[in-house]
Amino acid sequence: MTDWSSNNRACTTLWSTFYSMQQLSTNFDDSGDLAMNTLTYFNTLGSPDLRKQQAMIIADQLDHIFRIGRGAKYEANVDRTKAMNSMVKILIDEKKLLKDLAQTIDDSYKFWGESTLLNQ
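First things first, this report covers the structure right here in the doc. (Residues numbered from 1 in each chain as written. Predicted model: local features only at pLDDT ≥ 70, side-chain atom pairs only at ≥ 80, totals over all residues. Heavy atoms only, no water.)

Side note on the overall build of the protein
Right, on to step 1. Scanning the protein from terminus to terminus reveals 5 helices and 2 strands.
Right, on to step 2. Listed N to C, the secondary structure of the protein is α-α-α-β-α-α-β in terms of helices and strands.
Right, on to step 3. Against the globule reference of 14 Å for 120 residues, the protein gives a C-alpha radius of gyration of 13 Å, in line with a compact fold.
Right, on to step 4. When the backbone C-alpha atoms are referred to their principal axes, the protein occupies close to 45 × 30 × 25 Å.
Right, on to step 5. Looking at the 120 residues of the protein, the share that counts as buried comes to 41%.
Right, on to step 6. Sequence-distant contacts in the protein: of pairs separated by 6 or more residues, those separated by 24 or more amount to 64%. (Helix = DSSP H or I, 4+ residues; strand = E, 2+ residues; numbered from the N terminus. Rg over C-alpha atoms; globule rule 2.2 N^0.38 Å. Buried < 20%, exposed > 50% of the residue type's maximum accessible area, 1.4 Å probe, protein only. Contact = heavy atoms within 4.5 Å.)

What follows is the structure in structure tokens.
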């Protein structure tokens, strides 16, 4: 697990994106330990199918923002389907934390300026 760190682009990009999307309102340092069920999109009363549909919408938005808005590329052996499925798996699990989602994102995307050495 990657530590929740301001030195990790997956963490900072996820936080700033979710902050802009009004999915969270906490500062960066306090956000890594937020559970998925505390984020705005997560409907605790919704059915599992509805929750999955909402997670797919969020994952789609994140993928577009990361790739088009932030210039990220998929990591080797990762495509859109794999990246989306990895994010949805975390987004639907109410016990997973934001730092777990950041780890999945870090494993799926190479962000602009991210050194290859950091991923080894």
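Some words on the side chain of Asn 8
Right, on to step 1. With respect to the helices and strands, Asn 8 occurs in the segment before helix 1 (9-20).
Right, on to step 2. Judged by relative accessible area, which is 12%, Asn 8 ranks as buried.
Right, on to step 3. A polar atom in the side chain of Asn 8 sits 2.8 Å from the backbone nitrogen of Ala 10. (Polar contact = N/O pair within 3.5 Å; in protein donor to acceptor, adjacent residues only side chain to side chain.)

With respect to helix 4 (residues 80-91)
Right, on to step 1. With 12 residues, helix 4 should cover 16 Å at 1.5 Å per step; its first-to-last C-alpha distance of 16 Å lies within 8% of that length.
Right, on to step 2. Among the residues making up helix 4, those that are buried are Ala 83, Met 84, Met 87, Val 88, Ile 90 and Leu 91. Along helix 4, the residues classed as buried sweep out an arc of 160° about the axis, all on the same side. Looking at helix 4, the residues exposed on the side facing more than 90 degrees away from the buried face are Thr 81 and Lys 89.
Right, on to step 3. The inward-facing, buried residues of helix 4 abut helix 1, helix 3 (48-69), strand 1 (73-74), helix 5 (98-108) and strand 2 (109-110).
Right, on to step 4. Of the residues flanking the start of helix 4, the one acting as N-cap is Asp 79, its side-chain oxygen 3.3 Å from the backbone nitrogen of Thr 81. (Expected span 1.5 Å × (residues − 1). Arc of directions from axis to C-beta.)

What to know about helix 1
Right, on to step 1. In this model helix 1 runs 16 Å from its N-terminal to its C-terminal C-alpha over 12 residues, within 8% of the 16 Å that 1.5 Å per residue would give.
Right, on to step 2. The opening residue of helix 1, the one whose side-chain oxygen lies 2.8 Å from the backbone nitrogen of Ala 10, is Asn 8.
Right, on to step 3. Just downstream of helix 1 lies Gln 22, where phi reads positive at about 60°.

Let's talk about the packing of helix 1 against helix 5
Right, on to step 1. Packing of helix 1 against helix 5 leaves a shortest axis separation of 9 Å and a crossing angle of 120°. As summarised for this structure, helix 1 and helix 5 are arranged oblique, according to the angle between their axes. In the crossing of helix 1 with helix 5, the sense of the turn from one axis to the other is right-handed. Contacts between helix 1 and helix 5 pair Ala 10, Cys 11, Leu 14 and Phe 18 from the former with Leu 98, Leu 101, Ala 102, Ile 105 and Asp 106 from the latter. (Axes fitted to C-alpha atoms, helices over the stretch in contact; angles between N-to-C directions. Parallel < 35°, antiparallel > 145°, perpendicular 65-115°, else oblique. Left-handed = near helix turned anticlockwise from the far one by under 90°.)

A word on the pattern of salt bridges
Right, on to step 1. The full count for this structure, using the stated rule, is 4 salt bridges.
Right, on to step 2. Across the salt bridge formed by Lys 99 and Asp 33, the nearest N and O atoms sit 2.8 Å from each other. Of the two residues, Lys 99 sits in helix 5 while Asp 33 sits in the loop between helix 2 (28-31) and helix 3, which places them 66 residues apart along the sequence.
Right, on to step 3. Between Arg 80 and Asp 63 there is a salt bridge, and its shortest N-O distance comes to 2.5 Å. Here Arg 80, found in helix 4, pairs with Asp 63, found in helix 3; they are 17 residues apart in sequence, far enough to count as distant.
Right, on to step 4. By relative accessible area, which is 0% here, Asp 63 ends up buried.
Right, on to step 5. Here the salt bridges share partners, and the residues they tie into one network are Asp 60, Asp 63, Arg 67 and Arg 80. (Salt bridge = Lys/Arg side-chain N within 4 Å of Asp/Glu carboxyl O.)

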